[in-house]
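# Structural features, examined
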Amino acid sequence: MSGLEASAKPFGISKQEVWDAWVKVRGNKGSSGVDGVSIGAFERDLKDNLYKVWNRMSSGTYFPPDVKAVPIPKGGGGGVRILGVPTVADRVAQTVVAVHLSQRVEPVFHPDSYGYRPGKSALDAVAAARQRCWKFDWVVEFDIRKFFDTVPWPKIVAVVEAHTEARWVVLYVRRWLAAGMRLPDGSVTERWQGTPQGSAVSPVLANLLLHYAFDAWMAREFPDCPFERYADDGVIHCRTKARAERVLAALRARMTEVGLELHPDKTRIVYCKDNNRHGEFPRSGFTFLGFTFQPRGARDKHGVIFAAFLPAISKQALKRLSRTVRSWRLHKRTRDGTADLARMINPVIRGWLSYYGRFYHSALSQLLYRVNTYLLRWIRQKYRVGWKEAARRMAHGYQQQPAYFAHWIWAPPAGARTGATRAV
């Protein structure tokens, strides 16, 4: 695209903004939308495609196509959630608006809003929750039921209008909210509420609405109760059970007031039981962002074991990771070499270690040792040897290159320190 300045169009959108949006979309990758055009196909005629996006957006004639509905299983194994996948061109257009809004709303967002924000992550939210659970005895965990499917459009438009004077931003937000959802069978579902998960503009719209519906409200009504919120999921810390009950009752009323609803099975009061908290309560654990917080064994500086309230990978997340390991069928890949196996599994395992290994990483041990068992079975099948010989070969491989497989840093092969001489 040449001429990156804005032109004499009804809306002052520059070509540079469209180009910067494309760079973000290309970096995020992603699949094709309803038109079947991939990132690569879009890029083959990049100049013309970006010009069309800019020309239509700046003239007010951009109308978004339907989003493609893609069902994906929920993390906890409870059914599926529907992602709305826009076309590549639509992702570029949405990113132009998302960047515009983010620049204006980021300075006003609450520091304990962590989802989809620059410089913040889910691990930051978990770390903050861990620290506060040591200081506060009670937690209110909450989840907004079907938030992305039920957010009321008038409230989204109202908060957008409050943060920008650009008429084109409001115009296109309205159009994206009303875009149809094309189902796998080809039918199109008309919508009257919600904003599709998976679209580029939905995260900033969700954060903007929840800033007023929850974050600012909490800071005003319950300044003594810190919280961590990641999109529609969060925890609130309270010093007493009575305070937690009052917060929960007020939160239910607040969600009703703004047209939302708390999930009845994922919203509750929890007692952060540990070595110094001797009370009894039916619930002494909660799950947040893939980590379950509950009393766990810890060791003090003198080596004495005590009970601390700590996060570790949740059972649901561990089951999901275990299914992935089984799906690799490593023991059947006898045509592959060790380098092939490492290239396949190392990037995935490094991601697991980086995220789930951040807190109480010993909870991953059983899963990681299971990977070693699959590798042992691979050695047996490939080289036609017994278990002892397979174990000896893998131990020797570890001694030669202890970081060859990513999980070996925490789960070395059995007998690795006394392995013998022949490599795998």
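Scroll up to find the structure this text is about.
This next bit is on the sheet that holds strand β2 (residues 80-85). Spatial ordering of the open sheet is given by β2-β1-β4-β5, a layout of four strands whose pairing is mixed. Two strands lie at the open edges of the sheet, namely β2 and β5 (188-189), each paired on one side alone. Sheet topology places strand β1 (residues 67-73) next to β2; six bridges connect them, and they run antiparallel. The residue bridging lysine 68 from the neighbouring strand is valine 85, located in β2.

Let us look at the nonpolar core. Counting 70 residues, the largest nonpolar core has Met57, Val97, Phe147, Val160, Trp168 and Ile236 as its most contacted members. Top contributing element to this core by residue count: helix α9 (residues 202-221), with 10 residues. Aside from chain neighbours lying at most four places away, what touches methionine 57 is Phe11, Ile13, Tyr62, Ala93, Val96, Val97, Trp168 and Tyr172. Residues Phe286, Ala317, Ile349 and Leu376 belong to the second largest nonpolar core, which totals 50 residues.

Hydrogen bonding along the main chain pairs the strands of a sheet, whether they run parallel or antiparallel. The strand order across the open sheet built from three strands is β9-β10-β11, with neighbouring strands paired in antiparallel fashion. Either end of the sheet is taken by a strand with one partner, and the two such strands are β9 (286-288) and β11 (305-313). Between one strand axis and the next, the sheet turns through 50 degrees on average, direction left out of account. Pairing geometry for strand β10 (residues 291-299) and β11, over nine bridges, is antiparallel. Counted as the bridge partner of arginine 299 is isoleucine 305 from β11.

Okay, a positive patch on the surface next. On the surface, a cluster of positive charge is contributed by Lys315, Lys319, Arg320, Arg323 and Arg326. With respect to the secondary-structure elements, arginine 323 resides in helix α11 (residues 315-328).

Moving on, we come to the pattern of salt bridges. Scanning the entire structure with this criterion turns up 20 salt bridges. In this structure, lysine 273 and glutamate 280 form a salt bridge, with 3.6 Å as the shortest nitrogen-oxygen distance. Exposure remark for lysine 273: the relative accessible area of 23% places this residue in the partly exposed category. A residue is classified by how much of its surface remains accessible, and glutamate 280, at 69% relative accessible area, is exposed.

All right, on to the packing of aromatic side chains then. With the rule as written, the count across this model stands at 23 aromatic pairs. Relative to tyrosine 271, the ring of tryptophan 138 lies with its centre 4.7 Å away and its plane at 40 degrees, an arrangement referred to as tilted. In this pair, tryptophan 138 sits in strand β3 (residues 138-143) while tyrosine 271 sits in strand β8 (residues 268-271), placing the two residues 133 residues apart along the sequence. Residue class for tryptophan 138 comes out buried when judged on its relative accessible area of 10%. Taking relative accessible area as the criterion, tyrosine 271 reaches 7% and is therefore assigned buried. Plain terms: the ring middles of phenylalanine 405 and tryptophan 408 are 5.1 Å apart, the flat faces sit at 75 degrees to each other, and that makes the pair edge-to-face. With respect to class, phenylalanine 405 is no different from tryptophan 408; both count as buried. In textbook terms, an aromatic cluster arises when at least three aromatic residues are bridged by ring pairs, as seen for Phe291, Tyr355, Tyr356 and Phe359. For the cation-ring pair, lysine 15 lies above tryptophan 54, with the distance from its terminal atom to the ring centre recorded as 4.7 Å.

In this section: the packing of α11 against helix α12 (residues 338-355). Relative orientation of the contacting elements α11 and α12 amounts to 175 degrees, with a least axis distance of 12 Å. One element, α11, and the other, α12, form an angle in the roughly antiparallel class. Facing Leu321, Thr324, Val325 and Trp328 of α11, the residues of α12 in contact are Met344, Ile345, Val348, Ile349 and Trp352. Of the residues belonging to the contact of α11 with α12, the class tally is eight nonpolar, one polar and no charged.

Of the two faces of strand β6 (residues 227-230), the one holding Phe227 and Arg229 and the one holding Glu228 and Tyr230 are both buried throughout. The sheet contact formed by β6 and strand β7 (residues 233-238) spans four bridges and is antiparallel. Among the inter-strand pairings, arginine 229 is bridged to a residue of β7, identified as glycine 234. Where β6 hands over to β7, the hairpin turn is made up of two residues, of which alanine 231 adopts a positive phi near 55 degrees.

What counts, and at which threshold
Residues numbered from 1 in each chain as written. Predicted model: local features only at pLDDT ≥ 70, side-chain atom pairs only at ≥ 80, totals over all residues. Heavy atoms only, no water. Pairing = 2+ DSSP bridges. Helix = DSSP H or I, 4+ residues; strand = E, 2+ residues; numbered from the N terminus. Core = buried A, V, L, I, M, F, W, Y, C linked by side-chain atoms within 4.5 Å. Buried < 20%, exposed > 50% of the residue type's maximum accessible area, 1.4 Å probe, protein only. Contact = heavy atoms within 4.5 Å. Axes fitted to C-alpha atoms, helices over the stretch in contact; angles between N-to-C directions. Patch = residues over 30% accessible without salt bridge, like charges linked within 9 Å, V, L, I, M, F, W, Y side chains within 5 Å. Areas by Shrake-Rupley, 256 points an atom, 1.4 Å probe, with all protein chains shown as cover. Salt bridge = Lys/Arg side-chain N within 4 Å of Asp/Glu carboxyl O. Lys, Arg positive; Asp, Glu negative; His and termini not counted. Charge placed at Lys NZ, Arg CZ, Asp CG, Glu CD. Phe/Tyr/Trp six-rings, centres within 6.5 Å; stacked < 30°, edge-to-face > 60°. Lys NZ or Arg CZ within 6 Å of the ring centre and 35° of its normal. Parallel < 35°, antiparallel > 145°, perpendicular 65-115°, else oblique. Nonpolar A, V, L, I, M, F, W, Y, C, P; charged D, E, K, R; others polar.

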